[in-house]
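These are the residues of each chain, in order.
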Amino acid sequence: MAVLARPARETWADRVRSVVRRPTAVDAALASVLTLLTFVVHDVPYLLTAPFWTDEAWVAISTRLPLSELPRITASTPVGWSLLLRLVVVGGPERLRLVPLLFAAATVAAAYWYGRTLPWPRLLAARIAGVLTGVAALLLPSALYRDDLKQYTADAFVTVLLLGLTTRVGRDSRHPPWRALLPLAVTAVVGFLFSAVAVFVLGAVLASIGLTQLVARRWADAARTAAVGAGAAVPLLAVFVLLYRPGMPQGLTDYWSGNYLPLSRGPAAVWRFVAHGIAALDADLGTGPVVLTVLLVSLGVLTVVRLGRPDVALVVPVLLVELLVLGAVRQYPLFNLRTSHFALTALAVTAAVGVAGACLALSRWRVQAALVCATVAIAFFTVGVRHLVHGHPLPHEDVRTPVQDILALRRPGDVVVVNSASNWGFAYYWPIGRPVTAPSADNLQGFVAVFPDQPDILLASDTTPETIDATLNAARTRALRHPGGRIWLVHEHMHADQVRATLAWEQLNAVSVQTVGSLDLVQPNR
């Protein structure tokens, strides 16, 4: 009777190899490491303690105002972004920056998923692509700049997520292609609540899918794609009308006038504008000279086409054409670092796919060559952007310290005068009472934050010398009502004409001015 050999006992090394062979475990580990590195390349203590500057302050103050006012006062920031900020309830005043930081981390995870889920012929190539696209999103210079309290990291996340969802269209032959279009539409509608560019990216995605279906003469599928787009347009339009349009600044188009295609000045001016814009933003991609950037992005598009997904390959080129059209009709600013961050992210992950395609070609020669290719690419990219890691890109404008100084040093009868641009920051940091809004034609946001129940806090509601004089005169009159009453001047983000108007008032009234802490303290003559 034969004796059956006892199976060898599974060793620890066998268990490790078993885990490594499982794509989900390895992919989860790689994506997690890349995602967590977001909190390493950004100086988290810095961004959670640096005071909000003016462009952040008017976003931050929306979290202290009633929900009913959000559609009117959020201006170019989506209402949903303010709602997300309100969910962060633990931490100091600058805790709100956790939201853009978390979206930056989520973008890295989405980028890994996008690169990994493309139909690569080999598992190694898929993982190399995932790592390269994740690193591109992690170390993209425009991403390393994004420590501010704005929705631009959410724009990048939605863009890469929609790219990843596009790879699922038509991948499963058991289900009709239109079934995979529904998650795209739902993601765009939800994303549009906190990212205005979601509608542009969805348009590029559906146009790319529809175009490839038309070329392949898949008329029924193209019709279904158009139907999904039309269906998504209804809730997108509703969100725009209800949540975007009420707060759209009147002068926003004029503000961005230098970032629109100058069609009226002729083709030569348009060409110079585009060439200058590309050159200016190329440094924010971190991929080297413009020629190399164009080659890598083109290689990325070609790689995805060779993988059998021309619909996915077309998304980024179509998106770029769409943005040029929007710039031509003055509906979206071009070549601005902040508003172009989502497009730069799309270009970066596309270039990373191009590098992965080159690594795949080398792997047909030797597997080790593919690993060396990816390692060298990551090393060159990292070296090129290393000076931006742990950077401190936020402008230094501090209204928090003046508020703290006033709270510590003021006495009965003192009056506080806040200059126009400091109103949002002061209202956010001032802990006494709750601010309310007053309409203002002096800023794009269309409002200022005031404390009508605290008459000793006066706001110069605009930047004209007349308003500055009137506000300072009112403060002087009020301070003189109390023995020893003084005037505290809060003045951040002041223009030269405001400084001149303030100095002229001080000289005219022969007041005594001294610097106390971070403030100017005025002693009115009695």
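Structure: see above.
These remarks concern the structure in this document. (Residues numbered from 1 in each chain as written. Predicted model: local features only at pLDDT ≥ 70, side-chain atom pairs only at ≥ 80, totals over all residues. Heavy atoms only, no water.)

### Quick notes on the overall build of the chain
In step 1: Counting its secondary structure elements, the chain contains 24 helices and seven strands.
In step 2: Burial analysis of the chain (526 residues in total) assigns 52% to the buried set.
In step 3: Across the chain, every contact between residues at least 6 apart in sequence was considered, and the portion connecting residues at least 24 apart equals 72%.
In step 4: When the accessible area of the chain is evaluated, it comes to approximately 24500 Å², of which 65% is carbon and sulfur surface.
In step 5: Placing the 43 positive and 32 negative side-chain charges of the chain at their respective mean positions leaves the two points 14 Å apart. (Helix = DSSP H or I, 4+ residues; strand = E, 2+ residues; numbered from the N terminus. Buried < 20%, exposed > 50% of the residue type's maximum accessible area, 1.4 Å probe, protein only. Contact = heavy atoms within 4.5 Å. Areas by Shrake-Rupley, 256 points an atom, 1.4 Å probe, with all protein chains shown as cover. Lys, Arg positive; Asp, Glu negative; His and termini not counted. Charge placed at Lys NZ, Arg CZ, Asp CG, Glu CD.)

### Some points on a nonpolar patch on the surface
In step 1: A cluster of nonpolar side chains, Val-33, Leu-37 and Val-40, forms an exposed patch at the surface whose accessible area comes to about 230 Å².
In step 2: Looking at the element boundaries, Val-33 is found in helix H2 (residues 23-36). (Patch = residues over 30% accessible without salt bridge, like charges linked within 9 Å, V, L, I, M, F, W, Y side chains within 5 Å. Salt bridge = Lys/Arg side-chain N within 4 Å of Asp/Glu carboxyl O.)

### Topic: the packing of helix H17 (residues 290-306) against helix H18 (residues 310-328)
The description of two packed helices rests on the angle between their axes and on the distance between the axes.
In step 1: Here H17 crosses H18 at 160°, and the two axes come no closer than 7 Å. Here H18 runs roughly antiparallel to H17, going by the angle between their axes. Judged by residue contacts, Val-301, Val-304 and Val-305 of H17 engage Pro-310, Val-312, Ala-313 and Pro-317 from H18.
In step 2: Along the lines of polarity and charge, the residues of the contact of H17 with H18 split into seven nonpolar, no polar and no charged. (Axes fitted to C-alpha atoms, helices over the stretch in contact; angles between N-to-C directions. Parallel < 35°, antiparallel > 145°, perpendicular 65-115°, else oblique. Nonpolar A, V, L, I, M, F, W, Y, C, P; charged D, E, K, R; others polar.)

### What to know about the sheet that holds strand E6 (residues 512-516)
In step 1: Read from one edge of the open sheet, five strands run E4-E1-E5-E7-E6, paired in mixed fashion. A single partner strand is all that each edge strand has here, and the edge strands are strand E4 (457-459) and E6. Between one strand and the next, the sheet's axes are offset by a mean angle of 25°, whatever the strand orientation.
In step 2: Bridge count between strand E1 (residues 415-418) and strand E5 (residues 487-490): four bridges; the pairing is parallel. Following the sheet pairing, Val-417 is matched in E5 by Leu-489.
In step 3: Packed on one face of the sheet, helix H23 (residues 465-480) meets E1, E4 and E5 and runs near 170° to E1.
In step 4: Contacts between helix H24 (residues 496-508) and the sheet are confined to E5, E6 and strand E7 (519-523), with E5 contributing the most and set at about 165° to the helix. (Pairing = 2+ DSSP bridges.)

### Let's talk about the packing of aromatic side chains
In step 1: Counted by the stated rule, this structure contains 15 aromatic pairs.
In step 2: Relative to Phe-451, the ring of Phe-426 has its centre 6.3 Å away and its plane inclined at 85°; by these criteria the two rings are edge-to-face. Residue Phe-426 is located in helix H22 (residues 423-429), and its partner Phe-451 is located in the loop between strand E3 (447-450) and E4; the two are separated by 25 residues in the primary sequence. Considered together, Phe-426 and Phe-451 belong to a single accessibility category, that of buried residues.
In step 3: Taken together, the ring pairs in this structure connect Trp-81, Phe-103, Phe-157 and Phe-194 into an aromatic cluster. (Phe/Tyr/Trp six-rings, centres within 6.5 Å; stacked < 30°, edge-to-face > 60°.)

### Quick look at the nonpolar core
When a protein is soluble and globular, its nonpolar side chains tend to lie buried together.
In step 1: Residues Tyr-114, Trp-120, Leu-184 and Phe-426 are the most contacted members of the largest nonpolar core, which totals 133 residues.
In step 2: Ranked by residue count, the leading element in this core is helix H19 (residues 341-363), at 14 residues.
In step 3: Those residues in contact with Trp-120 that lie beyond four places of it in its chain are Gly-115, Ala-125, Ala-126, Ala-129, Thr-303, Leu-307, Val-353, Ala-356, Gly-357 and Leu-360.
In step 4: With 13 residues, the next largest nonpolar core counts Ala-475, Ile-487, Leu-489 and Val-511 among its residues. (Core = buried A, V, L, I, M, F, W, Y, C linked by side-chain atoms within 4.5 Å.)

### Things to note about the pattern of salt bridges
In step 1: Tallied over the full model, the rule gives 12 salt bridges.
In step 2: In this structure, Arg-146 engages Asp-148 in a salt bridge whose closest nitrogen and oxygen atoms are separated by 3.3 Å. Each member of the pair, Arg-146 as well as Asp-148, carries the same accessibility label: buried.
In step 3: Salt bridges sharing common partners tie together Asp-27, Arg-116 and Arg-127.

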